[in-house]
Amino acid sequence: MNIGLEKCKYYYEVLRSNMLFKDVSRESINRLLKISTAEFLPKHSNHIDGDRVLFKFHIIISGKLKIYNVNSEKNRQFILFILKENEVFDTISLLDGIKHHMYYETLEDTEVLSIPVFKMRKWIGDNPNFNSALQKYVFKQMRLLETYTIDIALENVATRLAKLLMRHLNTSTNEIEFINDLSHDELARLIGTTRAVLNRHIQDFKELGVLKVRRKNIKITDLECLMGLAKM
């Protein structure tokens, strides 16, 4: 077993809480752990790349990671996804066996389970319930990409920013979660713009009384106005 016995119970409990494994048996999860390797990736690590994910499938145990592409000539990034605990990557390479030309960077200290792709495919074949859950996960990601594409093509930056905030709004506290600790550079890359343009729109939102920003913490102060900006 690649994982120390003292941590097996911990990883089992983490996987059991993951919706992808909700209908997977204890025996099957334990078999998966036997072919998994636990890895710790420090913040701002770029050790994972397209070559690696062609041969390794990853389950995020804790932390946060971004998947992005870059135009080196223009020094521009566009973030496709930010993934957190209980999410997986790279499903595309897992399913089609073709190298995925993306970049990966941890945004905080991150722990993953790494499984050889050929072993993961065999395990999935023996666990149709996981396969069904994984398909739903992929469809959800595809819908998110569809929304991103439409917004980039058709919506202005203010609307894209408002939609981003609405997606991550905790309506009980009016605070933005999950992305609230990201830098303005990262927030700009999530909506396909630059930090300077993002800052201008954040200032506009503040002047409209839509939000307050303190130490990377964003609090919505006028939800109705934000919804209007997001065209909801």
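Residues numbered from 1 in each chain as written. Predicted model: local features only at pLDDT ≥ 70, side-chain atom pairs only at ≥ 80, totals over all residues. Heavy atoms only, no water.

Caption draft 1: Broad picture of the overall build of the protein chain. For the protein chain, the helix and strand inventory stands at 10 helices and 11 strands. Taken against the 2.2 N^0.38 rule, which gives 17 Å for 232 residues, the C-alpha radius of gyration of the protein chain at 19 Å falls within 12% of a compact globule. Taken along its principal axes, the extent of the C-alpha atoms in the protein chain is 55 × 45 × 30 Å. With 232 residues in all, the protein chain has 45% of them scored as buried. Excluding contacts between residues fewer than 6 apart, the proportion of contacts in the protein chain whose partners are at least 24 apart in sequence is 70%. Accessible surface computed for the protein chain: about 12600 Å², of which carbon and sulfur atoms make up 52%. (Helix = DSSP H or I, 4+ residues; strand = E, 2+ residues; numbered from the N terminus. Rg over C-alpha atoms; globule rule 2.2 N^0.38 Å. Buried < 20%, exposed > 50% of the residue type's maximum accessible area, 1.4 Å probe, protein only. Contact = heavy atoms within 4.5 Å. Areas by Shrake-Rupley, 256 points an atom, 1.4 Å probe, with all protein chains shown as cover.)

Caption draft 2: Looking closely at the pattern of salt bridges. Applying the stated rule across the entire model yields 14 salt bridges. Notably, a salt bridge pairs E87 with K84, separated by 3.7 Å at the nearest N-O pair. For K163, the salt bridge identified is with E155, shortest N-O distance 3.6 Å. Classification of E155 by relative accessible area gives buried; the value is 18%. (Salt bridge = Lys/Arg side-chain N within 4 Å of Asp/Glu carboxyl O.)

Caption draft 3: Structural context of the pairing of strand β11 (residues 217-220). In β11, alternate side chains face the same way, and those of I218 and I220 are buried while those of N217 and K219 on the opposite face are not. Note that strand β10 (residues 211-214) and β11 share 4 bridges and pair antiparallel. The partner of L211 across the bridge, within β11, is I220. (Pairing = 2+ DSSP bridges.)

Caption draft 4: Quick look at the sheet that holds strand β6 (residues 103-106). Pairing in this open sheet of 3 strands is antiparallel, and the strands run β4-β3-β6 from one edge to the other. Each edge of the open sheet is held by one strand with a lone partner, namely β4 (76-84) and β6. When strand polarity is set aside, the average angle formed by the axes of neighbouring strands in this sheet is 30 degrees. Here 8 bridges tie strand β3 (residues 64-71) to β4, and the two strands are oriented antiparallel to one another. Paired with Y68 across the strands is I79, a residue of β4. (Axes fitted to C-alpha atoms, helices over the stretch in contact; angles between N-to-C directions.)

Caption draft 5: Representation of unusual backbone geometry within the structure. With an omega dihedral of -5 degrees, the bond running from F89 to D90 counts as a cis peptide bond. Within the secondary structure layout, D90 lies in the loop between β5 (88-89) and α4 (91-96). With a phi angle near 65 degrees, N174 is a residue other than glycine that sits in the positive phi range. Assignment of secondary structure puts N174 in the loop between β8 (169-170) and β9 (175-176). Under the relative-accessibility criterion, N174 is labelled partly exposed at 27%. The backbone of F178 shows a phi angle near 70 degrees, a positive value even though the residue is not glycine. Take F178: it is sitting in the loop between β9 and α8 (184-190).

Caption draft 6: Looking closely at the packing of helix α6 (residues 128-154) against helix α7 (residues 157-167). Two numbers describe how α6 lies on α7: the axes approach to 10 Å, and their chain directions differ by 155 degrees. On the basis of their axis angle, the class for α6 and α7 is roughly antiparallel. Residues Y148, D151 and I152 of α6 lie in contact with α7, whose contacting residues are R160, K163 and R167. Partitioned by chemical class, the residues of the contact of α6 with α7 number 2 nonpolar, no polar and 4 charged. (Parallel < 35°, antiparallel > 145°, perpendicular 65-115°, else oblique. Nonpolar A, V, L, I, M, F, W, Y, C, P; charged D, E, K, R; others polar.)

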